[in-house]
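# Residue-level structure breakdown
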Amino acid sequence: MSGWRLAEDVALPPSLAPGRLLWCGIGGSLLPADALIQALAATSLRHRWQPLASPETNGLRLEAEDQLVFASKSGRTLELWTWIGRLRAQAGWGRWHQVPVVITQDDQNPLARLARAEGWTLLPIPEKVGGRYSAFTAIGALPLHWAGLEAPRFLSAAREVVAQTEQERGPWGVRVWDMVATLTTGYLRGTDQWVLMPYATHLETVGAWWVQLVAESLGKQAADGSRRGFTPIRAIGPQDQHAQLQRWLDGPRNVGMVMVTVGHNHAAEPSDPPSQCPFPGLGRWGGEDIVRAQAEGTREALEEAGIPVVHWHLDSLDEASLGAFLMAWQLAVGLCGVALEVDPFDQPAVESGKRRTLLKLGIS
């Protein structure tokens with residue numbers, strides 16, 4: 001699984017269908033793509049982005065302009081094949097402007113065989129890349145391409161973070177190694193829960209990607225049988241100041257916080273608070289000013305209470321900054337797994353749940 005540091009350029013199809021992007025996948029085959037679209041794509045494109053993950057019925061109907069993507073590293077994901085069967089039963093199946101795209105490991109798995117049999121576009125995931133480390137494969141590059149964004153910038157920024165970390169230099173190298181030290185020393189002192197709390201609405205789905213990365217990589221039994229790891233908690237500011245801050249400040253002292261802020265635009269939209277507004281002078285502050293004050297106030301309150309706080313600031317939100325951010329976390333989690341003496345690249349307990357699911361369905 002040396003691919004956790006890999007960010008190679010991806011050969012993408014020159015064109016995609018002009019309608020919705022129907023992305024069939026789950027876990028590491030969906031979360032990086034969803035995070036990138038929600039963080040970077042234009043509003044009109046986010047409305048055309050349709051993840052199909054849970055097998056529950058949603059009434060979706062195929063249209064000729066839809067672009068279908070079937071993503072699964074193993075090619076054997078139950079949820080994916082549920083959607084293939086459901087879509088294949090529709091009248092619109094096969095009446096597409098562009099053939100479906102399949103993203104999978106090119107090892108003769110069932111999904112790869114289906115793509116070849118049907119003449120669909122096949123984008124391979126390198127064998128050495130673990131599923132939850134797949135942001136820098138076609139899983140991440142294709143949605144950026146569909147959204148008219150620059151996948152090469154995303155991948156190039158990730159490679160620079162790898163170089164800085166390996167050479168222990170530069171701002172991202174410092175961030176990665178400091179994060180590894182903070183996580184491991186905190187764990188030895190009883191900090192086994194960590195919150196990722198971006199103060200940027202567009203980064204909310206990045207939290208879902210981060211939760212899987214941390215939970216599946218660092219919640220393990222070590223060779224001596226001891227249970228080790230972290231509980232990742234997904235939050236978003238300022239919403240979770242009102243929902244979870246009470247627990248973090250006054251609850252058990254086993255939690256740490258990673259706060260993320262983005263840019264700072266002082267330009268204010270017109271505001272005319274009524275005379276009843278309990279905050280004098282509120283109208284002279286822009287929304288970004290208020291969010292920044294909320295982030296700083298929350299950080300100060302947490303630090304005063306003795307809660308470990310790490311603050312990551314991104315100057316802007318674009319392909320390069322998000323590529324660097326995601327790769328920095330992949331590196332920090334992989335290195336932390338080594339420090340905790342667990343394998344950050346397997347997920348044996350998950351496989352047990354999958355087997356039991358198939359038994360309940362009578363599928364061998």
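Residues numbered from 1 in each chain as written. Predicted model: local features only at pLDDT ≥ 70, side-chain atom pairs only at ≥ 80, totals over all residues. Heavy atoms only, no water.

### Quick word on the overall build of the chain
Within the chain one finds 13 helices and 11 strands. For the chain, whose C-alpha radius of gyration is 22 Å, the value lies close to the compact-globule estimate of 21 Å for 364 residues. Judged by the C-alpha coordinates and their principal axes, the chain covers about 65 × 60 × 45 Å. For the chain, buried positions account for 48% of its 364 residues. The contacts of the chain with a sequence gap of at least 6 include a subset with a gap of at least 24, amounting to 77%. Each charge class in the chain was averaged separately, 32 positive and 38 negative side chains, and the resulting centres sit 8 Å apart. (Helix = DSSP H or I, 4+ residues; strand = E, 2+ residues; numbered from the N terminus. Rg over C-alpha atoms; globule rule 2.2 N^0.38 Å. Buried < 20%, exposed > 50% of the residue type's maximum accessible area, 1.4 Å probe, protein only. Contact = heavy atoms within 4.5 Å. Lys, Arg positive; Asp, Glu negative; His and termini not counted. Charge placed at Lys NZ, Arg CZ, Asp CG, Glu CD.)

### Examining a nonpolar patch on the surface
On the surface, Phe279, Leu282, Trp285 and Ile290 cluster together into a nonpolar patch covering about 380 Å² of accessible area. Along the chain, Leu282 falls in the loop between strand E10 (255-262) and helix H11 (287-304). (Patch = residues over 30% accessible without salt bridge, like charges linked within 9 Å, V, L, I, M, F, W, Y side chains within 5 Å. Areas by Shrake-Rupley, 256 points an atom, 1.4 Å probe, with all protein chains shown as cover. Salt bridge = Lys/Arg side-chain N within 4 Å of Asp/Glu carboxyl O.)

### What about the sheet that holds strand E1 (residues 21-24)?
Here we have 5 strands laid out as an open sheet, ordered E2-E1-E3-E4-E5, and parallel in their pairing. Here the strands that pair on one side only, and so sit at the sheet edges, are strand E2 (49-52) and strand E5 (121-124). Ignoring which end each strand starts from, the neighbouring axes of this sheet average 20° apart. Against the sheet, helix H4 (residues 110-118) engages strand E3 (67-71), strand E4 (101-104) and E5, with an angle of about 150° to E4. (Pairing = 2+ DSSP bridges. Axes fitted to C-alpha atoms, helices over the stretch in contact; angles between N-to-C directions.)

### Comments concerning the packing of helix H1 (residues 31-40) against helix H5 (residues 138-146)
Remark: H1 packs on H5, axes separated minimally by 8 Å, with the N-to-C direction vectors making an angle of 30°. By the criterion of interaxial angle, the relationship of H1 to H5 is roughly parallel. Crossing of H1 against H5: the hand is right-handed. Touching Pro32, Ala33, Leu36, Ile37 and Leu40 of H1 are Ile139, Gly140, Pro143, Leu144 and Trp146, all from H5. Among the residues making up the contact of H1 with H5, the classes are represented as 9 nonpolar, 1 polar and no charged. (Parallel < 35°, antiparallel > 145°, perpendicular 65-115°, else oblique. Left-handed = near helix turned anticlockwise from the far one by under 90°. Nonpolar A, V, L, I, M, F, W, Y, C, P; charged D, E, K, R; others polar.)

### Here's the deal with the layout of surface pockets
By volume, the largest pocket amounts to about 950 Å³. Residue lining of the largest pocket: 30 residues in total, with Ser74, Thr77, Gln347, Glu351 and Lys354 positioned closest to the centre. Every element with two or more residues in the lining of the largest pocket is listed here: helix H3 (78-88), helix H8 (204-218) and helix H13 (348-360). If you tally residues by element for the lining of the largest pocket, the top one is H13, at 6 residues. Here the residues of the lining of the largest pocket sort into 8 nonpolar, 13 polar and 9 charged. The computed volume of the second largest pocket comes to approximately 250 Å³. Taken together, 13 residues line the second largest pocket, and the ones lying closest to its centre are Gly219, Lys220, Gln221, Pro348 and Ala349. Only H8, strand E7 (220-221), strand E8 (227-228) and H13 provide two or more residues apiece to the lining of the second largest pocket. (1 Å grid on protein atoms, 1.4 Å probe; cavity = no way out; pocket = protein on both sides within 12 Å on 5 of 7 lines; lining within 4 Å. Points joined across faces, edges and corners; volume = space filled by probe spheres on them.)

### Points about the pairing of E1
Across the two faces of E1 the burial is the same, with Leu21 and Trp23 and Leu22 and Cys24 all buried. In this sheet, E2 lies alongside E1 in parallel orientation, the contact comprising 4 bridges. Note that in E2 the partner of Leu22 across the bridge is Gln50. The pairing of E1 with E3 spans 4 bridges and is parallel.

### A look at the side chain of Ser72
By the secondary structure assignment, Ser72 is in the loop between E3 and H3. Only 2.6 Å separates the side chain of Ser72 from the side chain of Thr77, close enough to count as a polar contact. Once you skip the residues sitting within four places of it in the chain, Ser72 turns out to touch Ser29, Thr77, Leu80, Ile103, Thr104, Gln105 and Leu111. (Polar contact = N/O pair within 3.5 Å; in protein donor to acceptor, adjacent residues only side chain to side chain.)

### As for H4
Taken together, the buried positions of H4 are Leu111, Ala112 and Ala115. The buried side chains of H4 occupy one side of the element, clustering within an arc of 100° when seen end-on. Check the buried side of H4 and you find it contacts E3, H3, E4 and E5. The N-capping residue of H4, defined by a side-chain oxygen 2.9 Å from the backbone nitrogen of Leu111, is Asn109. Gly119 sits one or two positions beyond H4 and adopts a positive phi of about 75°. (Arc of directions from axis to C-beta.)

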